[in-house]
Amino acid sequence: MFYLTEDPIEGLPNPPIAFTVGAIVVFEGTVRNVNDGQQVEALEYEAMESLAKKEGEKVVSEAFEKFPIVGAECTHRMGLLQIGEIAIRVVVAAEHRNEAFQACQYIVDEVKSRVPIWKKEHYSGGASEWINSNRA
Amino acid sequence: MPSITVQYFAILREQRGVSEESLDTRAQTPAGLYGELSARHGFSMPLASLRVAINDEFASMDQALEDGDSVAFIAPVAGG
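Residues numbered from 1 in each chain as written. Chains lettered and ligands numbered in written order. Predicted model: local features only at pLDDT ≥ 70, side-chain atom pairs only at ≥ 80, totals over all residues. Heavy atoms only, no water.

A. Geometry of unusual backbone geometry. Its identity is not glycine, yet Asp36(A) carries a phi of approximately 55 degrees, on the positive side. Here Asp36(A) lies in the loop between strand 3 (34-35) and strand 4 (38-47). When its relative accessible area of 60% is taken as the criterion, Asp36(A) is described as exposed. Non-glycine residue Ala10(B) carries a positive phi angle of around 50 degrees. Tracing the backbone shows Ala10(B) in helix 1 (residues 10-16). For Ala10(B), a relative accessible area of 1% puts it in the buried group. (Helix = DSSP H or I, 4+ residues; strand = E, 2+ residues; numbered from the N terminus. Buried < 20%, exposed > 50% of the residue type's maximum accessible area, 1.4 Å probe, protein only.)

B. Just the nonpolar core, in detail. Formed by 36 residues in total, the largest nonpolar core has its most connected members in Val92(A), Ile107(A) and Ile117(A). Among the elements of the structure, strand 1 (2-5), strand 2 (23-30), strand 4, helix 1 (49-66), strand 5 (69-77), strand 7 (86-94), helix 2 (97-114) and strand 8 (117-123) of chain A are those that each provide at least two residues to this core. Broken down by element, this core gets its largest block of residues, seven residues, from helix 2 of chain A. Apart from residues no more than four positions distant in its own chain, Ile107(A) is found in contact with Val59(A), Ala63(A), Ala72(A), Cys74(A), Val90(A) and Val92(A). Membership of the second largest hydrophobic core comes to 31 residues, among which are Leu51(A), Ile11(B), Leu37(B) and Met61(B). (Core = buried A, V, L, I, M, F, W, Y, C linked by side-chain atoms within 4.5 Å. Contact = heavy atoms within 4.5 Å.)

Here's what the structure looks like:
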């Protein structure tokens, strides 16, 4: 499953895990305070929600096709985030660790490169910039 | 002339100043439509850097536009 949420991911429950799994990989992408040498104060995420949900679900389905995993779920935060908050959480469960690691990486990489979500960095001093867009 | 709804997100939304508009266009494809809009609003993004969605599905820049279509130009994404 793929979710977008306005609420802090920190407060959301993890998905239930079946007893058939021997490995659970959790990736949490967090907001860091520096990017490209600039001091970041906050991040803002915006999505084309309808298409982002479809494309995100597609990515998670592909992970099931490519890797023998038992469960996978991805949640992406929307709105304004402060330093240290979780922007994306991917949880993958599998019988063994290799496929869990690989599927988790696949989901994170594909979500970052394909799903219509945009990130604006707000810098100390008041400037802000849409990442990937201003330098295209 | 087909009547099209255009949705804007992120940098394009800010540059256009609205998140959605309806318009009549002579453009027959998203590429042509973006050229029209870019000339009118001075978008900074080159066409080659964009993807397009028509009616909530990724589409080609050369797909024929039809009356009533909803078009969204998608600047390079940056999730995660």
